[in-house]
Amino acid sequence: MRFTGYRRLALGTRLALGLGVLALVVFAVVGTVMAGRMEAYLAAKLDEQVGRSQQDLEKEIHRTGKLTKNVYGWFAAVYRVEGGRATLEPSSVQPDPELPADPSELAEVAAATTGSEPVFRTEYLKGHGTYRLRGCPLGNGQVLVSAAPMNDITTTVRQLVLVEVATFLLALVALVVAGRAVLRRGLQPLSDMAKTARAITSHDLTDSARLPVRAAGGNGGVEVEELRTAFNTMLEHIDTSLAARTAAEQRLRRFVADASHELRTPLTSIRGYADLFRYAAANAPEEREAHLEKLRSEAARMSVLLDDLLLLARLDSAEAETPVRPEDDDLARLVRDSADAFGAARPDHPLTVTAPGSLPLRFDPMRLRQVVDNLLTNAATHTPAGTAVSVSVGVEGRFAVIRVTDSGPGIPAEDQPRIFDRFYRVDDSRTRGSGGSGLGLAVVHSLVAAHGGTITVDSHPGSTTFTIRIPR
């Protein structure tokens, strides 16, 4: 709960506060190091000053046998050290000022000065404050002890700390304020992208396949530019998905409308012939067989249409249940069998077959035979009698290729991109009167795609070629 308010802050404010906290830590470390170094430097200088003072006092003691001068505010005394105990020599105490009321710290320093090197200590002298003590051996068991006050060092360091705190606080405030402004400017592209996202949410995507907005701008640095590019790429992907969805919905609507229309025609005919059959049964028995044959014809036509629709539906849902059952077979033999059946059924269309002795391939014989039959039937249905038709099969690189060609009037260029759409007809040739439902080529396209292949059409007056390529 305690972080709820912080999490509600804007990202720029949170970054600025985080930067301020980091700067505060850095300032604290830098200030501590600076104050410590300054204190150590001043202490070293004081040690040097005490050392020089003791050199002068040592000369005075050797010359007069006692202390006659000292630095103002300092303490100095000579101790005799015997058996680890330091005894003050009264004759050598500098009279002004006198020693502190409790000179035990000076005596301890004198007792600790047992070698030839001076001894330094920092002690608190009761009633006087913190002093820097230095014990210097004089020889003959005597030790000179001087005590210099450290008040000046403490005052200097305290003032330095105050200056540092004030300076760092001002710098911290300036850093947070300036950083907030800089971060706000730097994060402006993110705000723009957020506005773009809000604009997208307010846009009606129900009937539109395109998003009207994009994240624009060219500032913000490399990272923001990468984010903007990724954002726009995502929008492009959404655009593509929406376009595909819209196209699929439009195709579905058209498919349902066309299917309903196609089914309505044979159903209407069946209903009409059924009424005629009932009438003939009562009034003209000799016409019953003719009406019954019409009923069978319309039922067969509707059955073929329903079979095509069912096959297309199964091909559309191939992920759940594929209607293709591939097996190893001879593609050349399949093409020859289809050509033989076409020649027997369509003797008015001269047929030329070009096929090798055998072409082993893995495919669904029944479905691929349906593809070739549909293409040959399509060539015969939409060309006048006497039009030459040819079918060939061979190998081109990694593909087995089947070509079905006729020398008919051709397909108009504007109709060729939609020739494989369901229920699509070329007005001049694909009519119900000629028996076309507009599903034959759609079935061919879907079956070839189910085999992992492709089908293309190349048509101009005097020649139409359908080319099927199936991976070997």
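Report on the accompanying structure. (Residues numbered from 1 in each chain as written. Predicted model: local features only at pLDDT ≥ 70, side-chain atom pairs only at ≥ 80, totals over all residues. Heavy atoms only, no water.)

Further remarks concern the pattern of salt bridges. Per the stated rule, a full pass over the model turns up 8 salt bridges. Arg333 serves as the salt-bridge partner of Asp337, at 3.5 Å between the closest nitrogen and oxygen. One end of the pair is Asp337 and the other is Arg333, both in helix α8 (residues 331-345) and 4 residues apart, which spans about a single turn. You can call Asp337 partly exposed: its relative accessible area is 32%. Note on Arg333: relative accessible area 37%, which makes it partly exposed. Here Asp373 and Arg369 are joined by a salt bridge, their closest N and O atoms 3.0 Å apart. Of this pair, Asp373 and Arg369 both sit in helix α9 (residues 365-381), 4 residues apart, which is roughly one turn of the helix. (Salt bridge = Lys/Arg side-chain N within 4 Å of Asp/Glu carboxyl O. Helix = DSSP H or I, 4+ residues; strand = E, 2+ residues; numbered from the N terminus. Buried < 20%, exposed > 50% of the residue type's maximum accessible area, 1.4 Å probe, protein only.)

Next up on the list: the sheet that holds strand β1 (residues 75-82). Across the sheet, which stays open at both edges, the 5 strands sit in the order β2-β1-β5-β4-β3 with antiparallel pairing between neighbours. Only two strands of the sheet have a single partner each, and these edge strands are β2 (85-88) and β3 (119-125). Ignoring which end each strand starts from, the neighbouring axes of this sheet average 35° apart. Pairing analysis gives 6 bridges linking β1 to strand β5 (residues 142-149), with the strands arranged antiparallel. Among the inter-strand pairings, Tyr79 is bridged to a residue of β5, identified as Val143. (Pairing = 2+ DSSP bridges. Axes fitted to C-alpha atoms, helices over the stretch in contact; angles between N-to-C directions.)

Counting across every chain of the model gives 3 aromatic pairs. Taking the centre distance of 4.8 Å and the plane angle of 20° together, the rings of Phe27 and Phe168 count as stacked. Of this pair, Phe27 sits in helix α2 (residues 11-64) while Phe168 is found in helix α4 (residues 151-186), placing the two residues 141 residues apart along the sequence. By relative accessible area, Phe27 is classed as buried at 18%. (Phe/Tyr/Trp six-rings, centres within 6.5 Å; stacked < 30°, edge-to-face > 60°.)

Nonpolar side chains in soluble globular proteins tend to be buried together. Core analysis: the biggest nonpolar cluster contains 35 residues, and Leu331, Val371, Leu375, Ile402, Ile455, Phe466 and Ile468 have the highest contact counts within it. Put simply, the parts of the chain that give this core at least two residues each are α8, β8 (360-363), α9, β9 (389-396), β10 (399-406), α10 (440-450), β11 (454-460) and β12 (463-471). Once residues lying within four places of it in the same chain are set aside, the contact partners of Val371 are Val444, Leu447, Val448 and Ile468. If you look at the next biggest cluster of nonpolar residues, it comprises 15 residues, including Leu99, Ala107, Leu125 and Ala147. (Core = buried A, V, L, I, M, F, W, Y, C linked by side-chain atoms within 4.5 Å. Contact = heavy atoms within 4.5 Å.)

Here we take up helix α3 (residues 104-112). Looking only at α3, the buried set comprises Glu105, Leu106, Ala107, Val109 and Ala110. Where α3 is buried, its residues meet β1, β2, β3, β4 (129-139) and β5.

What follows concerns the packing of α9 against α10. Axis separation between α9 and α10 bottoms out at 9 Å; the angle between their running directions is 145°. The crossing of α9 and α10 is left-handed. Facing α9, whose interface residues are Arg367, Gln370, Val371, Asn374, Leu375 and Asn378, α10 presents Gly440, Leu441, Val443, Val444, Leu447 and Val448. Counted by class, the contact of α9 with α10 contains 7 nonpolar, 4 polar and 1 charged residues. (Left-handed = near helix turned anticlockwise from the far one by under 90°. Nonpolar A, V, L, I, M, F, W, Y, C, P; charged D, E, K, R; others polar.)

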